[in-house]
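Summary of structural features
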Amino acid sequence: MTDFYQPRLEDRFTFGLWTVGNRGRDPFGEAVRPALSPVRIVEKLAALGAYGVNLHDNDLIPIGAAPAQRDRMVREFKQALDDHNMKVPMATTNLFYHPIFKDGAFTANDQAVRKYAMRKTMDAIDLGHELGAGVYVFWGGREGTEVDACRDPRDAIKRFRECLNFLCEYVVDNGYGMRFALEAKPNEPRGDIYLPTTGSMLAFIETLEHPEMVGVNPEYAHETMPGLNFHHAVAQALECGKLFHIDLNGQKPGKYDQDLRFGSEDQKGCFFLVKLLEDSGWDGPRHFDAHAYRTEDEEGVWDFARGCMRTYNILKEKARRFNADPEIQGILAGIRATDGADWLGSYSRERAERLRSDSIDIEQHALRGLHYEKLDQLTTELLLGIR
Ligand code: GCO
Ligand code: MN
Ligand code: MN
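All of the points below concern the structure found in this document.

Conventions used here
Residues numbered from 1 in each chain as written. Chains lettered and ligands numbered in written order. Predicted model: local features only at pLDDT ≥ 70, side-chain atom pairs only at ≥ 80, totals over all residues. Heavy atoms only, no water. Near = heavy atom within 4 Å. Polar contact = N/O pair within 3.5 Å; in protein donor to acceptor, adjacent residues only side chain to side chain. Areas by Shrake-Rupley, 256 points an atom, 1.4 Å probe, with all protein chains shown as cover. Nonpolar A, V, L, I, M, F, W, Y, C, P; charged D, E, K, R; others polar. Pairing = 2+ DSSP bridges. Helix = DSSP H or I, 4+ residues; strand = E, 2+ residues; numbered from the N terminus. Contact = heavy atoms within 4.5 Å. Axes fitted to C-alpha atoms, helices over the stretch in contact; angles between N-to-C directions. Salt bridge = Lys/Arg side-chain N within 4 Å of Asp/Glu carboxyl O. Buried < 20%, exposed > 50% of the residue type's maximum accessible area, 1.4 Å probe, protein only. Right-handed = clockwise from strand over helix to strand, strands pointing away. Donors = N, O, S within 2.8 Å, 3.2 Å for Na, K, Ca; no water. Tetrahedral: all angles 85-135°; square planar, octahedral: opposite > 155°, others 65-115°. Phe/Tyr/Trp six-rings, centres within 6.5 Å; stacked < 30°, edge-to-face > 60°. Lys NZ or Arg CZ within 6 Å of the ring centre and 35° of its normal.

Looking at the site of ligand 1
Among the 13 residues in the neighbourhood of ligand 1, the closest are listed as His56, Glu183, Lys185, Glu219 and Asp289. One nitrogen or oxygen atom from the side chain of tryptophan 18 is found 3.3 Å from an oxygen atom belonging to ligand 1. At a separation of 2.6 Å, an oxygen atom of ligand 1 approaches a polar side-chain atom of histidine 56. When ligand 1 is considered free in solution it has 330 Å² of accessible area, and contact with the protein chains removes 92% of it. When the residues that make up the shell around ligand 1 are grouped by side-chain class, the tally is four nonpolar, three polar and six charged.

So, in structure tokens, the structure goes:
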């Protein structure tokens, strides 16, 4: 299918090996699809117009692989990347699958577990560097509790900080030039996960020894599960220069982590997200952390991947139309006319006095209609395809 919405390299779409490679296993049922090799995933995604693939260490190399086996797997994977002009912009560690991580990794009570998590992460950082990744993601899926009696949550935060400080120095010492992106999630697989939102992560980053090396990787599903507004979380990260990576997918509020195809839920929320990313000129890869429905075979997996990218491009085009729509822009111009860019200035006694002495008719301002009904209806009609 070649058309206006066809993904192109410059769109910089990426998928995790674990996303299209997801076999449809869930807590109640077995895998429904055969495994896809990393090489096959690279070939297929390249043919669909993606820019790259991201990976956990164990998406490529199983735990306990002999050095020669590891090197062969990396060589074959790199060859496939070269053959298909695909990049690996992001890498990460699997710190959740092996039973050793049942009580967390960096926050586990057993220091032997924390040591193993650190050494596994250093190896995975080396692998990420070897594959050219500039961003390294930390998603602490197991860093949480069901039984709060087991540790003081302040100790968990301290341990997490200690590990990140150490790993920042590891990257500096090796001259890798990599940046870290922290990914929050409120729960699942733990009952409660520490630092549950992007906002918590942003506050935590400021307490690190190298805050300049660390940003966030907000995920649509993770902010939507507890009913938060993802577009607002991304805006906060962007506004303070901390959007280092992004996980795009679909999710209904209040449910388990669904990781659905991007744009399959809340198209208006997705529209404002895409508009924000595009209007801001953010130049990071548009990464999809999602997987195909359990009903799908391999063909359905590629339908899913194509769908994520197409919907992004469709919403990008909608954002362009929104920005060019005379009626919508007319309402926005009316809003801007009252916003008074330098209305406050920094504090001085004179300015404080002036604020008190300016005359204002509060009743008149209170009565004024703001035309947001019209604005939202126009946005809705544009999204539904009649503008
Ligand atoms: C999830 C997470 C993961 C992470 C991935 C990279 O809820 O399963 O979103 O997919 O993003 O492990 O760290
Ligand atoms: Mn994610
Ligand atoms: Mn998720």
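Observations regarding the sheet that holds strand β2 (residues 52–56)
Strand order in the open sheet formed by eight strands is β8-β6-β4-β3-β2-β1-β10-β9, with parallel pairing between adjacent strands. Each end of this open sheet is capped by a strand with a single partner; those strands are β8 (214–216) and β9 (247–248). Note: β9 against strand β10 (residues 286–288), two bridges, orientation parallel. Paired with leucine 248 across the bridge in β10 is phenylalanine 288. Relative to the sheet, helix α6 (residues 153–173) contacts β4 (135–139), β6 (179–183) and β8, its axis offset from that of β6 by approximately 150 degrees. With respect to the sheet, helix α11 (residues 298–324) is in contact with β1 (13–16), β9 and β10, its orientation differing from that of β1 by roughly 145 degrees.

A few points about the pattern of salt bridges
A full pass over the atoms with the stated rule returns 26 salt bridges. With a closest N to O distance of 3.8 Å, glutamate 10 and arginine 8 form a salt bridge. Look at arginine 8 and you get partly exposed, because its relative accessible area is 40%. Residues participating in the shared-partner salt-bridge network are Arg8, Glu10, Asp11 and Lys316.

As for the pairing of β4
The side chains of a regular strand alternate between both faces of the sheet. Within β4, five of the five residues are buried, which leaves it mostly tucked inside the rest of the structure. A two-sided burial pattern is seen for β4, the buried positions comprising Val135, Val137 and Trp139 on one face and Tyr136 and Phe138 on the other. Looking at chain direction, strand β3 (residues 90–92) and β4 are connected through three bridges and run parallel. For threonine 92, the partnering residue across the bridge sits in β4 and is valine 137. Regarding topology, helix α5 (residues 111–130) serves as the crossover connection from β3 to the parallel β4, and that connection is right-handed.

Observations regarding the coordination of the manganese ion (ligand 2)
Looking at the manganese ion (ligand 2), the protein donor atoms are Glu183 (OE), Glu219 (OE), Asp247 (OD) and Asp289 (OD), and they sit 1.9 to 2.2 Å from it. The site at the manganese ion (ligand 2) holds six donor atoms, and with the angles between them running 80 to 175 degrees, its shape is octahedral. For the manganese ion (ligand 2), all donor residues lie on one chain, and their spacing in sequence is E-x35-E-x27-D-x41-D. A spacing of 4.3 Å is found between the manganese ion (ligand 2) and the manganese ion (ligand 3), which share glutamate 219 as a donor. Within this pair, whereas glutamate 219 is found in the loop between β8 and α8 (220–224), its partner aspartate 289 is found in the loop between β10 and α11, the two being separated by 70 residues in sequence. Here glutamate 219 matches aspartate 289 in class, with each residue buried.

Notes on the pairing of β6
Summarising burial for β6: four of the five residues are buried, a large majority. Sheet analysis places β4 next to β6, joined by five bridges and oriented parallel. Opposite tryptophan 139, over in β6, you have glutamate 183 as the bridge partner. Bridging between β6 and β8 involves three bridges; their strand directions are parallel. Residue pairing for β8: leucine 182 is matched across the bridge by valine 216.

Observations regarding the coordination of the manganese ion (ligand 3)
Bound to the manganese ion (ligand 3) are the protein donor atoms Glu219 (OE), His222 (NE2), Asp257 (OD) and Asp259 (OD), situated 2.1 to 2.5 Å from the metal. Between consecutive donor residues of the manganese ion (ligand 3), the sequence gaps follow E-x2-H-x34-D-x1-D. For histidine 222, a relative accessible area of 3% translates into the label buried.

What about the packing of aromatic side chains?
Scanning the entire structure with this criterion turns up 20 aromatic pairs. Ring geometry for phenylalanine 271 and phenylalanine 322: centres 5.7 Å apart, planes at 55 degrees, overall tilted. Taken together, the residues phenylalanine 271 in helix α10 (residues 267–280) and phenylalanine 322 in helix α11 connect sequence positions 51 residues apart. The class for phenylalanine 271 is buried, based on a relative accessible area of 0%. Taken together, the aromatic side chains of Phe13, Phe15, Phe262, Phe288, Phe304 and Tyr312 make up a single cluster linked through ring pairs. One residue, arginine 179, lies across the ring of phenylalanine 244, its end atom 3.8 Å from the ring centre.

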